[in-house]
Each structure stands twice: as structure tokens, then as C-alpha cells.
Amino acid sequence: MVLTMTLELSISVVDTVMLGHYSASHLAAVGLASSLWLPVGCFLIGVTFGITPLVTRHLHGRQPKLVNLYMSQAVGLSVCLGVIASLITVFFLPHLAGMMAPPGETREVSMAYLRLFAPALPMLALMTSYKNLFEAAGRPVLPLLIASIGLILNVCFNYVLIFGHLGVTAMGARGAAIASCLSLYLSVLSFVIYDRFLNKRPLFTRLVWRYTRQFSILLGVGVPAGLAFAFEVGLFSSMTWLIASFGEVALGAGQVVMSYTSFLFTPMMAMSAVTAIVVAKAMSKEGVVGVRRRMRVIVMLGVGYVGLCFVLTQTFHAVIPYLYTNNQDVVVLAASILLISSCYQLPDMLQTVFTGALRGFRDTRSSMIAFGVSLFGLSMPLGYWLSHYSPWAKVLTVRGFYFGLAAGLSLLAVILIWRFRVVLSHYQGKRIASPREVA
């Protein structure tokens, strides 16, 4: 699961690297466009997170036929919300990009990128639903295989469409948007073909049309998770909007930092998904004692991982930006921000893992509230003050936003750990013992 999510996010990294070597203005344009569509896309992804604990409990409660009902809901929900998200991305977000970007190529390219990428959003939700289904069933190999093929296809499509090869006109960021769309559609098609025609033990055996319009159960679990995920990504996106006032160099540096830190964050996102599955299974079989034991192991693994990331980033902070761009001004600013970003990876890991643990208990609403309070109540106001009005504003400039982010993530980690302890105490001495109770 960690490898799968890393490969999926590598598509964004590949886009950033290839566009950084194509044009600095196209890199800045995609950074701005991504900051606008990512919160929308992450809400779609987060809504499908509700599939994981529900499917896990039904499969281990030996009620596999109920999986069809939840996947039918996921299909209906993905298509409905995906179409709405596509319309927002086509008709509303380009106007926001036009207001945020200075007149010129960056503005035009970011608006074009959003319109071309919009049709991919329903497929993003569907692909995540299928991935969550197979991972919750304990079959993570297929998602890994499809993610690998999708990454290879994306690299090939980018090479042809961004730089203009095989007789195709160079399209830059527009080509990257088309390449991402093609990769997502092919990934969903691969899941459907395998599960319907090649899988000897199919998971999603029948689309129940009635439940494609009745997805209230999935919404109840998924919407708070989707909002929490969108809040977190929205914070990074809103930082990009605020950074835009500092010019194209700051935008480019912000995109480099976001791409790199997102790549490091991906295994932690996968750990969150793993944690949700492990907690749901442990609670259904062993109770609170099993949950505590497994959480200790997951947190220790997370601490080891972020320690490695910290050493890597601190050691090579001046070299890493060159992987994305050759623009010297962008490289210098990005290198200084990377030093700051490496310091908030520990609280980021903790909040991610405990968000997954709470999702295993189907407690997603408290995470949503914690994200809103910590990130928008502390991170953004503090970061804005540090960058614009504090005594150190002239020295910090855009770096102030990242110090604010570190403070918000630390507060978020504390709140989620406290909430997890409260939930555990509520379940103390209880155990989900029978399939009927699991359902």
C-alpha cells in the first residue's frame, strides 16, 4: 500500500520535474492550478475513504455480498460528485486562477490546465474506490501493479505531449493535463476489466443500481473524512495562493517544495490507510488491547521513517531543488524552505497515523473539526502574520507561512492523539465479536 500510494503521487512529481525543465512559467502555472483543483480532488478521494473500514469489517465479518452495496454506493457517489467537481473546475476555478496570477503566460497556462484536467476528476474518485476495495480485502498487489503501469504511461505521455515528440506539437503544461487524464482513465479501465473478467475471486460482482443513488451510509462516514483531507490539502493550496503575491519565483519554489514534501508524505498517507484497516480488524477480533499493540508498532515505524526523511532533507536541501528546475532564484528559495519543512514532518506523521486510527473506529467527524481548527485557526493566521506584519517579515517573507504550518500541524497532532485516547477509553472492555455486530 505504501508503494502504491508513492507511485500514484509520483505522477505529480514527474509532471513537476518535466515541466520544471520545460519552462519556469509553466511550472508556476501548474503550481497555481494544482493548488486550486487539489482540495476538490482530495475531497473526492477522502469521501471514498469510508469504503475502507466498512469493507474491512464486512469481509472479516463474513458478509462479502454487502460489499456490492457499498461499492455501488461508491460508484454512484464518485460519478455524481466527480461531475460536479469537473463543472466547478471548468467554470469557476479558472476565474480564480485569473485573479491570482499576474497577467501573462502563467495566468493563461494555469486556466488552460484546469479546463483540460477537469474530466479526470470522476476517474480519480473511482480509481481510489477500487484501490481502497482491494487493499481492504488484503489484496494490495493489483493496485500496486496498476499504479506502476499508470506511472510509466504518464511518463510516456508527458514526454510526447509536453516536449513535442513523434510529430506532436509541444504543449507544455497543457500536455501534462492531458497525460494525467489519459493515465487515470486507463487505470480505472484496468481495475474494471480485471475484477469483472480476470479475477478468480471477484470482489465487486454486481452493480446494484438502486444503491448508486442511495449513498447516505457512505456519505456519513466519507464526507467528514473527505473534508478533513480537503482541509489539509487546502491549507497547502491556500499557502500557494498567498505566496502568489510574492511573484513567480516564490510560486515556483512553493511548487518544488510541495512536490517534494508531498512525495515524502505519501508513505505516511498509506500508513494512515493501513492503520484504518488494522484498527478495524483488531477491534473486531481482539478489542482495545490489540489496537494498542498495533498502534505502538505503527508509530515506531513512522518515527523511523520521518527521522530518515529529516536527515535526507537537511543533508541535501541545496541539491534537491535542482531535480525540479534549473532556475537559480527558485532553487535558492526552495532550498531554504526545505530546511523548515523537514522540521514539521514528525507532527505531520503523528496526525496522519491517528487520523487513520480514528477512521478505523469510523470516527471521522472529530478529525474534520480538528483539521479546521488547527490549520485554518492557527496555521494560516500565524503564517500570514509572520510573512507580512511580524518584526521578522522582511527576513522571512514566504518562509513565515511554513513556520505557521509547523505550529498548526503540531497542535493538530496533539488534538488527534487526545481524541484517540478518549475513543479507546470508550471502547475499553468491549469487543466486536459477531458478524451481525460488525455489520
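Residues numbered from 1 in each chain as written. Predicted model: local features only at pLDDT ≥ 70, side-chain atom pairs only at ≥ 80, totals over all residues. Heavy atoms only, no water.

**Re the environment of Ala-177**
Operational definition: In this text, helices come from DSSP runs of H or I with a minimum length of four residues, and strands from runs of E with a minimum of two, each type numbered from the N-terminal end. Relative accessibility thresholds used throughout: buried, under 20% of the residue-type maximum; exposed, over 50%; partly exposed, between the two (1.4 Å probe, protein chains only). Only heavy atoms matter for contacts: two residues are in contact if any of them lie within 4.5 Å across the pair.
Assignment of secondary structure puts Ala-177 in helix α9 (residues 173-198). For Ala-177, a relative accessible area of 0% puts it in the buried group. In sequence terms Ala-177 and Asp-15 are 162 residues apart; their C-alpha atoms lie 8.9 Å from each other. Among residues more than four places away in sequence, those in contact with Ala-177 are Tyr-113, Leu-116 and Phe-117.

**Description of the nonpolar core**
Basically, it comes down to this: The set of buried Ala, Val, Leu, Ile, Met, Phe, Trp, Tyr and Cys residues whose side-chain atoms join them within 4.5 Å is what this entry labels a nonpolar core.
Residues Val-291, Met-295, Phe-361, Tyr-402, Leu-412, Leu-416 and Phe-420 are the most contacted members of the largest nonpolar core, which totals 51 residues. Among the elements that take part in this core, helix α12 (residues 248-285) stands out by supplying 12 residues, more than any other. The contacts of Val-291, once residues within four sequence positions are left out, are Val-279, Ala-282, Met-283, Phe-361, Phe-420 and Leu-424. Counting residues in each nonpolar core, the second largest holds 48 residues, with Leu-44, Met-71, Phe-117 and Phe-204 among its members.

**What about the confidence of the model for the protein?**
Heads up, the condition is: Here pLDDT means the predictor's own confidence in every residue, given as a number from 0 to 100.
The share of residues in the protein with pLDDT of 70 or more is 87%, and the mean pLDDT across the chain is 80. The lowest-confidence element of the protein is helix α19 (residues 435-438), averaging 36 in pLDDT; the highest-confidence one is helix α13 (residues 288-316), averaging 91.

**Digging into helix α2 (residues 24-47)**
Basically, it comes down to this: What a helix is expected to span follows from its residue count: subtract one and scale by 1.5 Å. Two axes are fitted around each residue, one to the seven residues ending there and one to the seven starting there, and the angle between them is reported as the bend at that residue.
Taking 1.5 Å of rise per residue, the 24 residues of α2 would be expected to cover 34 Å, and the 34 Å separating its terminal C-alpha atoms lies within 8% of that figure. Taken as a whole, α2 carries its principal kink of about 35 degrees at Trp-37; the proline Pro-39 stands between one and four residues after it. Counting buried residues along α2, 20 of its 24 residues qualify, which places the element largely inside the surrounding structure.

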